[in-house]
Amino acid sequence: MSYIELRNISYKYPLSKANVLKNISYSFEKGNLYGIIGSNNSGKTTLCNLIKGLIPEFYEGELYGEVLIEGKDVRKWDSNILATSIGYIFQNPFSQISGIKETVFEEIALGLENLGIKEDEIIDRVIDVIKLLNITDLAKKNPNELSGGQRQRVAFASIVAMNNDILVIDEPTSQLDPQGTIEIFDIINKLKQQGKTIFLVEHKIDLIAEYADEVLVIDEGELKHWGKTNEILANKDLLNRGINLPQVALLSHEMENINEPFDQFAITKAEAKK
Ligand code: ADP
């Protein structure tokens, strides 16, 4: 049995004319990092929402098929268990900050408080996460006064503190500079080493190339390519779907083009010998 399985998933928002996800099936293994790539509006965020499950919109829209976690439909999971199993780091860090807490420390503690964890343990966990994310300098600041990049880190910290087995991460570095991006990917890699199963939407294709075990390419709601990262990201068809290739793959395709004139020359030489 796969750890997580999408079975013939199609989805239509209440107001959308056609399905925005079209008959997607895939099996996911525990402890892997899955890169989800595709051009804008291809359906990546919708897919992330669906994996997270229990989003009211999905019940108003039309959902076909099933999302199974350990063989059980997410809609049949107890919502508390689901909340502690799956963490979702949204694309927009502004939507993830509660706005009701006065310090970053309290903001990160909020989710743990809601789980009813004892205060001593909460303090230890928040301190650990603050160190892990290198945001000690933000701990006493007001979350509402942070920059976009700082908010993204705090949103990330709040989820990491929850210690979920499954993480759905939608463009975690959209607000970050190159240094911040490297730091977040270091942490994502640490979470993977801890055995977490991670779904990651990310436009920076070189990061997907470096960190993902497998890649799913979504185009207009359809799963077009899937499998081992290095095989999928070498496919020139991705360029037709508005997706960049990693530098290494681009270079190797360029080398093929450079070789072509030599190949032609080789044929001419062989013919000349006749
Ligand atoms: P991506 O994450 O790849 O940019 P999305 O999953 O956000 O794609 O969107 C997929 C399609 O669904 C788009 O055409 C988008 O306009 C549409 N869509 C997204 N959210 C809604 C919504 N709440 N209601 C109606 N249509 C939506």
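Here the residue index of a chain counts from 1 through its sequence in written order. Since the coordinates come from a predicted model, pLDDT governs what is reported: local features require at least 70, and pairs of side-chain atoms require 80 or more to be given and counted, while whole-chain, interface and lining totals use all residues.

## A short note on the environment of Lys44
Runs of H or I in DSSP of at least four residues are treated as helices and runs of E of at least two as strands, each being numbered from the N terminus. The residue Lys44 is located in helix α1 (residues 44-52) in this model. Backbone-placed C-beta atoms define the burial measure: a residue is buried with 20 or more other C-beta atoms within 10 Å of its own, exposed with 12 or fewer, and partly exposed in between. Residue Lys44 is classed as buried on the basis of its C-beta count, with 23 C-beta atoms lying within 10 Å. Taking C-alpha positions, Lys44 is 15 Å from Val67, a pair spaced 23 residues apart along the chain. Contact criterion: two residues are in contact if their C-beta atoms, reconstructed from the backbone, are within 7 Å. Lys44 has contacts with Ile36, Gly38, Val201 and Ile218, leaving out every residue within four places of it along the chain.

## Section: the site of the ligand
Nearness is defined per residue: the C-beta atom, placed using the backbone, must lie within 6 Å of the molecule or strand. Taken together, the neighbourhood of the ligand is formed by Tyr13, Leu15, Ser16, Val20, Gly38, Asn40, Asn41, Ser42, Gly43, Lys44, Thr45 and Thr46. Only Asp, Glu, Lys and Arg are considered charged in this grouping, and only Ala, Val, Leu, Ile, Met, Phe, Trp, Tyr, Cys and Pro are considered nonpolar; every other residue, Gly among them, is considered polar. Among the residues making up the shell around the ligand, the classes are represented as 3 nonpolar, 8 polar and 1 charged.

## Re the domain arrangement of the protein
By convention, interface size is frequently given as the accessible area that disappears when the constituent parts associate. An automatic or database domain assignment supplies the residue ranges for each domain. The assigned domain composition of the protein is domain 1 (4-100 + 163-234) and domain 2 (244-274). Taken together, the contacts link 5 residues of domain 1 with 5 residues of domain 2.

## Overview of the sheet that holds strand β8 (residues 197-201)
Strand order across the open sheet formed by 6 strands is β6-β7-β8-β3-β9-β10, with mixed pairing between neighbours. Of all strands in the sheet, those with a lone pairing partner are β6 (86-89) and β10 (222-228), marking the two edges. Across the sheet, the mean angle separating the axes of adjacent strands is 15° when strand polarity is ignored. Note on definitions: angles span 0 to 180 degrees between N-to-C directions of axes, and those axes are lines fitted to C-alpha atoms, for helices only across the stretch in contact. Sheet strands touched by helix α6 (residues 148-162): β6 and β7 (166-170). Its angle to β6, the strand with the most contacts, is close to 175°. Each of β3 (33-37), β7 and β8 is contacted by helix α7 (residues 178-193), which is oriented at about 150° to β8, the strand it contacts most. Each pair of strands is called paired provided DSSP finds at least two bridges between the two strands.

## Observations concerning the packing of helix α5 (residues 119-132) against α6
One way to put it is that α5 packs onto α6 with a least axis distance of 9 Å and a crossing angle of 130°. Considering their axes alone, α5 and α6 lie oblique with respect to each other. In the packing of α5 onto α6, the handedness of the crossing is right-handed. Together, Arg125, Val126, Val129, Ile130 and Leu132 of α5 and Ala157, Val160 and Ala161 of α6 make up the contact between the two elements. Throughout, the term roughly parallel applies to angles under 35 degrees, roughly antiparallel to angles over 145, roughly perpendicular to angles from 65 to 115, and oblique to all others. Two helices that cross are described as forming a left-handed crossing if the nearer one is turned anticlockwise from the farther one by less than a right angle, and a right-handed crossing if clockwise.

## Structural notes on the pairing of β7
Counting buried positions along β7 yields 5 of 5 residues, so the element is predominantly enclosed. With 4 bridges connecting them, β6 and β7 associate as parallel partners. From the neighbouring strand, Gly87 faces β7, where its bridge partner is Leu167. Bridge count between β7 and β8: 5 bridges; the pairing is parallel. Paired with Val168 across the two strands is Phe199, which belongs to β8. Seen with its strands pointing away from the viewer, a crossover is right-handed if its path from the first strand over the helix to the second goes clockwise. For the segment spanning β7, α7 and β8, crossover handedness is right-handed.

## Some words on the pairing of strand β4 (residues 62-69)
As paired elements, strand β1 (residues 4-12) and β4 share 7 bridges and run antiparallel to each other. Each bridged residue has a counterpart across the sheet, and for Glu5 the counterpart in β4 is Leu68. Both β4 and strand β5 (residues 72-73) contribute to a ladder of 2 bridges, which runs antiparallel. The residue of β5 that forms the bridge with Leu68 is Asp73. Linking two consecutive strands that pair antiparallel, namely β4 and β5, is a turn of 2 residues; a positive phi of about 50° is found at Glu70 within it.

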